[in-house]
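Survey of secondary and tertiary structure
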Amino acid sequence: MSTSVRHDWYQSDAKVVITVLLKNAKDKNYHVEIEQQRIHMTADGYELDLKLFAPINVERSSYKDFPSKVEITLAKETGIRWDGLEETVKHKPAVSAPPPIHKKNWDSLAKEVEKSEEAEAQSEEALQRLFKKIYSSSSPEVQKAMNKSFSESGGTVLSTNWNEVGKETVDVKPPEGCEFRKWE
């Protein structure tokens, strides 16, 4: 039966320190084996077996017992930062599958674009018909106002009020967020 004993670790550039929280380790006949890629510690009813993340220098590594713990100091062979205390199993896929091929139905995409352009053209056509209807059913004064406002404003204003438009030049009023620039 194995006793549940906690262990923790921390590292610096040069070493890794493993702390095994085991009270009175000497009385429990503890034993530590330090190998290049493995730590094995046993005590009465306790075993810790770790495959280390990276190789260590066995000659410069050591362990020491204290009344409440055993501290194992491992000298790193290289100054790399360990991602974990133990070696991680690297799974390699047997055969890498080719990336999925996404087939596009270009004909259907072209039809969608045509439909949206057709709808836009129809709405523009409907707007043009509305303006033509207003223009053709209006008095000569309203037609004059529409012509003057549209041409003087660069197509940004369309007014039917001759009293307002006839007094002075119609200013360009671009849509909000746009600015008007004259061609040079």
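Before any of the text, the structure's been laid out above.
Residues numbered from 1 in each chain as written. Predicted model: local features only at pLDDT ≥ 70, side-chain atom pairs only at ≥ 80, totals over all residues. Heavy atoms only, no water.

**Let's talk about the pairing of strand S1 (residues 7–11)**
Sheet analysis places S1 next to strand S2 (residues 15–20), joined by five bridges and oriented antiparallel. Bridge pairing in S2 places His7 opposite Val20. Here S1 hands over to S2 after three residues, the two strands then running antiparallel side by side. (Pairing = 2+ DSSP bridges. Helix = DSSP H or I, 4+ residues; strand = E, 2+ residues; numbered from the N terminus.)

**Quick look at unusual backbone geometry**
Positive phi is not limited to glycine here, since Asn24 has a value of about 50°. When you line up the elements, Asn24 lands in the loop between S2 and strand S3 (31–34). Residues other than glycine seldom take positive phi values, yet Asn29 does so here, at roughly 55°. By secondary structure assignment, the location of Asn29 is in the loop between S2 and S3. Residue Asn29 is classed as exposed on the basis of its relative accessible area of 52%. (Buried < 20%, exposed > 50% of the residue type's maximum accessible area, 1.4 Å probe, protein only.)

**Description of the sheet that holds strand S7 (residues 70–76)**
Taken together, four strands build an open sheet; the order of strands is S1-S2-S7-S6 and the sheet is antiparallel. Both edges of this open sheet fall to S1 and strand S6 (56–65), since each of them pairs with a single strand only. The average undirected angle you get between the axes of adjacent strands in this sheet is 15°. (Axes fitted to C-alpha atoms, helices over the stretch in contact; angles between N-to-C directions.)

**Quick look at the packing of aromatic side chains**
A full pass over the atoms with the stated rule returns two aromatic pairs. Their ring planes at 85° and their centres at 6.1 Å tell us that Tyr30 and Tyr63 sit as a pair that is edge-to-face. Taken together, the residues span a long stretch of sequence, with Tyr30 in the loop between S2 and S3 and Tyr63 in strand S6 at a distance of 33 residues. Taking 6.1 Å as the distance between ring centres and 40° as the angle between the ring planes, the aromatic pair formed by Phe53 and Trp82 counts as tilted. (Phe/Tyr/Trp six-rings, centres within 6.5 Å; stacked < 30°, edge-to-face > 60°.)

**Points about the side chain of Lys76**
Residue placement: Lys76 occurs in strand S7. Look at Lys76: it is buried, it has no salt bridge, and the nearest opposite charge is Asp13 at 5.6 Å. Dropping the residues within four chain positions of it, Lys76 is found in contact with Gln11, Ser12, Asp13, Ala14, Lys15, Val16, Pro55, Arg60, Arg81 and Trp82. (Lys, Arg positive; Asp, Glu negative; His and termini not counted. Salt bridge = Lys/Arg side-chain N within 4 Å of Asp/Glu carboxyl O. Contact = heavy atoms within 4.5 Å.)

**Considerations on the pattern of salt bridges**
For the structure shown, the criterion picks out seven salt bridges. Residue Glu35 pairs with Arg38 through a salt bridge whose shortest N-O separation is 3.3 Å. One connected set of salt bridges, linked through shared partners, spans Glu35, Arg38 and Asp49.

**A look at helix H2 (residues 140–152)**
Along an α-helix, a turn takes 3.6 residues, which lines up residues three or four apart on a common side. The terminal C-alpha atoms of H2 lie 18 Å apart, and with 13 residues this matches the ideal 18 Å at 1.5 Å per residue to within 8%. Turning to H2, its buried residues are Val142, Ala145, Met146, Lys148 and Ser149. If you follow the buried residues of H2, they end up packed against helix H1 (106–136) and helix H3 (162–165). Positive backbone phi, at 70°, marks Gly154, one or two positions downstream of H2. (Expected span 1.5 Å × (residues − 1).)

**Considerations on a nonpolar patch on the surface**
Together, Leu127, Leu130, Phe131, Ile134, Phe150 and Leu158 line one region of the surface with nonpolar side chains, adding up to about 490 Å² of accessible area. By residue number, the principal contributor to the nonpolar patch is H1, which donates four residues. Its place among the elements puts Leu127 in helix H1. (Patch = residues over 30% accessible without salt bridge, like charges linked within 9 Å, V, L, I, M, F, W, Y side chains within 5 Å. Areas by Shrake-Rupley, 256 points an atom, 1.4 Å probe, with all protein chains shown as cover.)

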